[in-house]
Amino acid sequence: MSQPRRGELRTSLVQCDLRWEDPQANHAHLERLLNGLDSRDTDLIVLPEMFATGFTMNSREMAQPMEQSQSVAWLQSQAQARNCVMTGSVAIEAAGEYFNRLIWATPDGDITYYDKRHLFRMAGEHERYGMGNERKVVELNGFKLLLSVCYDLRFPVWMRQQPAKGAHFEYDALLCIANWPAPRRHPWRTLLQARAVENLSYVIGVNRVGEDAKGLAYSGDSLLVDFKGEPLIDHPAHTPFIETGKLDKTALDAFREKFPAWQDADRFELLPGVG
């Protein structure tokens with residue numbers, strides 16, 4: 001990436017098909033796609049949920065130990081080679097448990113992760129993966145980003161701004177990666193925009209396209225949404241693409257000052273262990 005500019009975050013959304021339960025094939029496929037992206041023009045590359053396997057419930061067979069994960073190592077190598085942050089989720093085994101873990105890999109080799117909190121019970125995810133219990137905010141180019149995965153999007157309390165005492169905002173952008181099926185594309189699109197409006201933040205939503213091994217279709221509908229809920233990146237359904245959009249902190253701050261709805265927000269506290 002070129003010299004990072006504080007207050008500007010160039011974010012590349014990668015909407016693609018995925019090979020079922022085949023990490024090596026997915027690594028190679030994604031690498032070919034990313035070779036068409038000029039890494040000098042991006043700060044952050046966002047991949048879909050479970051980019052290495054598709055949304056598999058075969059956690060015991062497909063989860064990779066965190067310290068020996070080929071997919072985590074691949075993300076790290078790509079981040080270093082492309083000199084930008086790489087992020088996406090992987091089925092991970094850690095301390096005898098299995099997690100749908102979003103990995104945030106920086107060019108200098110650092111790893112931050114977020115374990116998916118809300119597990120999609122309609123697919124039995126809650127029976128095959130452990131539930132995360134910690135929200136995670138990361139920083140890049142002067143932006144704070146809240147990490148989330150797929151089904152989390154349906155739970156606005158989990159996503160709500162929780163600023164520290166004396167601060168007005170906890171984050172500037174919400175990042176949500178998904179394997180969100182086509183029959184529910186309208187809720188996906190609506191919720192991404194709603195989260196932007198209610199939190200006065202950008203929203204980055206990346207979903208996959210194609211079909212999985214069960215014949216379930218995914219329409220994509222990946223969006224970059226501004227703080228007013230307006231889509232900045234929005235392609236036709238079922239269309240693979242890679243596109244880079246720019247998040248502007250000056251414009252965000254100006255809107256927050258002009259329209260200070262945050263001053264009237266209700267105070268609340270999340271209770272540990274309560275979903």
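Our structure is the block above this text.
Keep in mind that this is a model prediction, so the values were computed, not measured.

**Focus: the pattern of salt bridges**
Two side chains carrying opposite charge are able to pair once their charged atoms lie near each other.
No. 1: Scanning the entire structure with this criterion turns up 17 salt bridges.
No. 2: Its salt-bridge partner being K246, residue E8 comes within 3.7 Å of it at the nearest N-O pair. Within this pair, whereas E8 is found in strand 1 (residues 8–15), its partner K246 is found in strand 15 (residues 241–248), the two being separated by 238 residues in sequence.
No. 3: With relative accessibility at 48%, the residue K246 sits in the partly exposed group.
No. 4: Two residues, K249 and D172, come together in a salt bridge whose shortest N-O distance is 4.0 Å. Taken as a pair, K249 in helix 7 (residues 249–258) and D172 in the loop between helix 5 (156–159) and strand 9 (173–177) lie far apart in primary sequence, 77 residues in all.

**Topic: the layout of surface pockets**
Rolled over the atoms, a probe as big as a water molecule pinpoints where empty space is left.
No. 1: Put simply, the largest pocket is a space of about 420 Å³.
No. 2: Forming the walls of the largest pocket are 23 residues, and the residues nearest its centre are R160, Q161, P163, W262 and A265.
No. 3: In terms of residue count, helix 6 (residues 185–199) provides more of the lining of the largest pocket than any other element does, 3 residues in total.
No. 4: Of the residues that constitute the lining of the largest pocket, the class distribution is 13 nonpolar, 4 polar and 6 charged.

**Overview of the packing of helix 1 (residues 23–34) against helix 3 (residues 70–82)**
No. 1: Interaxial distance between helix 1 and helix 3 falls to 11 Å at its minimum, and their mutual angle equals 15°. Regarding the angle of helix 1 to helix 3, the classification is roughly parallel. Every pair of crossing elements has a handedness; the one defined by helix 1 and helix 3 is right-handed. Every residue of helix 3 that contacts helix 1 at P23, Q24, H27, L30, E31 and L34 is listed here: Q70, S71, W74, Q78 and R82.
No. 2: Here the residues of the contact of helix 1 with helix 3 sort into 4 nonpolar, 5 polar and 2 charged.

Reading the values: the criteria
- Residues numbered from 1 in each chain as written.
- Predicted model: local features only at pLDDT ≥ 70, side-chain atom pairs only at ≥ 80, totals over all residues.
- Heavy atoms only, no water.
- Salt bridge = Lys/Arg side-chain N within 4 Å of Asp/Glu carboxyl O.
- Helix = DSSP H or I, 4+ residues; strand = E, 2+ residues; numbered from the N terminus.
- Buried < 20%, exposed > 50% of the residue type's maximum accessible area, 1.4 Å probe, protein only.
- 1 Å grid on protein atoms, 1.4 Å probe; cavity = no way out; pocket = protein on both sides within 12 Å on 5 of 7 lines; lining within 4 Å.
- Points joined across faces, edges and corners; volume = space filled by probe spheres on them.
- Nonpolar A, V, L, I, M, F, W, Y, C, P; charged D, E, K, R; others polar.
- Axes fitted to C-alpha atoms, helices over the stretch in contact; angles between N-to-C directions.
- Parallel < 35°, antiparallel > 145°, perpendicular 65-115°, else oblique.
- Left-handed = near helix turned anticlockwise from the far one by under 90°.
- Contact = heavy atoms within 4.5 Å.

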